[in-house]
Amino acid sequence: MKTLGRRTRLLAATTATAGLVLVAGCSSSDSGSGKTTVKGVHLVKAGQLTTCTHLPYPPFQSEINGKVQGFDVSLIDLVAKDLGVKQQILDTPFENFKTGAFLNSGQCDLAAAGMTITDERKKNVDFSDPYFEATQAVLVDKKSGVNSLADVKAKGKKLGAQAQTTGEDYAKSKGFDPVSFHSSDAVLNGLRTGQVQAVIIDYPVVQGWLKDKANAAAFKVADNLNTGEQYGFTVKKGNTALREAINKALKQAKADGTYKKIYEQWIGPYNASAASPSAS
């Protein structure tokens, strides 16, 4: 992932809430802090829901035509809309999501980064209900002769993964020493340039890559790995009000069909099991 010294950027998401303002009578400012309380939720900046993410990670979040868009972005838009504010996105290093650093420092209200719920991460942050069932995929060069993850090792091919991710952790747990790349774009470039002959990364990311005809002509999915992963949004430890606001928006979206529409827009053909993951 991107280094800790990388300058953070504040990016306005393309949101359905862009024209909304705080509803009079529903919010109160904390004296001198610049914070606002909206419907019982404390926000780090008045009039906006500040989301930490790590770009790019399509189809969950990426910059398209100068605006951050994606599956995660659209879901958090629903939370912002319920609160009557706009979503603003802060691009930060992925390492901070594991530690909760930007949540603890008051730079962000929540983090949305296609992040797998793990017991280790729960020590530092509170997760929302699961909102997506994720699997890992092994993408290979069609000329590599690789047809499974086992083949990668058996045929002595180099395996790549994105740093600080569960895909990298999974590869290491299976005895690999994967080449580590700082972003998903770098992972794909490593495959394109022959630095590695196979990569392991979340399957929805691979689906997005293979929509490009050049990628589909050069690469193929050699293996699908059901690792039992679920994605969740994170908030600062103890921020129950915001966590419940997120869960409420997710539950409503699944009930009224909004989740299905967003899924089909960003992920592909609707998978009902992804909409109703068991509580983690």
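Everything here concerns the structure above.
Scope of this entry: the structure provided in the associated data block. Counting from 1, residues in each chain are numbered in the order their sequence is written. For this predicted model, a pLDDT threshold of at least 70 governs which residues receive local features, and a threshold of 80 or more governs which side-chain atom pairs are given and counted, while totals over whole chains, interfaces and linings are taken from all residues. Processing note: side-chain calculations cover all non-hydrogen atoms of the structure and skip hydrogens and water entirely.

### Points about the overall build of the protein
Strands are runs of DSSP state E lasting at least 2 residues, helices are runs of H or I lasting at least 4, and numbering of each runs from the N terminus. Per the secondary structure count, the protein includes 12 helices and 16 strands. Residue burial in the protein is summarised as follows: out of 280 residues, 51% are buried. A total of about 12300 Å² of accessible surface is found on the protein, and carbon and sulfur atoms cover 49% of it. Working definition: with a 1.4 Å probe on protein chains only, accessible area under 20% of the residue-type maximum means buried, over 50% means exposed, and in between means partly exposed. Computed with a 1.4 Å probe, the accessible areas rest on the Shrake-Rupley method; for each residue, only the protein chains presented here act as cover.

### Focus: the pattern of salt bridges
Salt bridges are counted wherever a side-chain nitrogen of Lys or Arg sits within 4 Å of a carboxyl oxygen of Asp or Glu. Tallied over the full model, the rule gives four salt bridges. With a shortest N-O distance of 3.3 Å, D126 and K237 are connected by a salt bridge. Of the two residues, D126 is situated in strand β10 (residues 125-127) and K237 in the loop between β16 (234-236) and α10 (240-256); the sequence distance between them amounts to 111 residues. For D126, a relative accessible area of 17% gives the class buried. With relative accessibility at 42%, the residue K237 sits in the partly exposed group. Here K260 makes a salt bridge to E264, at a shortest N to O gap of 2.8 Å. Here E264 and K260 lie together in helix α11 (residues 258-266), a separation of four residues that amounts to about one turn.

### Looking at helix α6 (residues 166-173)
The set of residues buried in α6 consists of T166, G167, E168 and A171. Summarising the contacts, the buried residues of α6 are in contact with α4 (119-122), β11 (132-141), β12 (159-162), β13 (179-181), β14 (198-202) and β15 (219-231). Positive phi shows up at G175, right after α6, with a value of about 90°. Only heavy atoms matter for contacts: two residues are in contact if any of them lie within 4.5 Å across the pair.

### Some remarks on the packing of helix α1 (residues 71-83) against α11
Running from amino to carboxyl end, α1 crosses α11 at an angle of 155°, the nearest separation of the two axes being 9 Å. In terms of axis orientation, α1 runs roughly antiparallel to α11. In this structure, α1 crosses over α11, and the sense of that crossing is right-handed. Here α1 contributes F71, S74, L75 and L78 to the contact with α11, which in turn contributes T258, Y259, I262, Y263 and W266. Classifying every residue of the contact of α1 with α11 by side-chain character gives seven nonpolar, two polar and no charged. Every angle, taken between N-to-C directions, lies between 0 and 180 degrees, and every axis is a line fitted to C-alpha atoms, over only the stretch in contact when it is a helix. These descriptions rest on fixed angle ranges, namely under 35 degrees for roughly parallel, over 145 for roughly antiparallel, 65 to 115 for roughly perpendicular, and the rest for oblique. Helix crossings fall into two classes, left-handed where the near helix is turned counterclockwise from the far one by less than a right angle and right-handed where it is turned clockwise. Side-chain classes are defined by residue name, with Ala, Val, Leu, Ile, Met, Phe, Trp, Tyr, Cys and Pro counting as nonpolar, Asp, Glu, Lys and Arg as charged, and the others, Gly among them, as polar.

### Description of the state of the cysteines
The criterion for a disulfide is a pair of cysteine sulfur atoms lying within 2.5 Å. For the structure shown, the criterion picks out one disulfide. The side chain of C52 participates in a disulfide bridge whose partner is C108; the two sulfur atoms lie 2.0 Å from each other. Taking the torsion about the sulfur-sulfur bond, which here is approximately 65°, the covalent link between C52 and C108 counts as right-handed. Taken together, the positions of C52 in strand β5 (residues 48-53) and C108 in the loop between α3 (101-104) and β9 (110-111) put the pair 56 residues apart, joining distant regions of the chain. Across the pair, C108 and C52 agree in class, each one buried.

### What about the environment of I246?
Note on placement: I246 falls in helix α10. For I246, a relative accessible area of 0% translates into the label buried.

### Observations regarding the sheet that holds β15
Paired strands, in this sense, are two strands between which DSSP finds at least two bridges. Taken together, five strands build an open sheet; the order of strands is β13-β12-β14-β11-β15 and the sheet is mixed. The sheet terminates laterally at β13 and β15, the two strands that pair on one side only. Adjacent strand axes in the sheet meet at a mean angle of 25° when their direction is disregarded. Alignment of β11 against β15, held across nine bridges, turns out to be antiparallel. Within the sheet, the bridge partner assigned to L139 lies in β15 and is V221. Running at roughly 155° to β14, helix α7 (residues 184-192) makes contact with β11, β12, β13, β14 and β15 of the sheet.

### Some details on the nonpolar core
Definition used in this section: a nonpolar core is a set of buried Ala, Val, Leu, Ile, Met, Phe, Trp, Tyr and Cys residues joined via side-chain atoms within 4.5 Å. Formed by 46 residues in total, the largest nonpolar core has its most connected members in L49, F71, F132 and W209. In this structure L49 touches L43, I76, V79, A80, L83, V85, K86, Q87, Q88, D109, L110 and L242, once residues within four positions along its chain are discounted.

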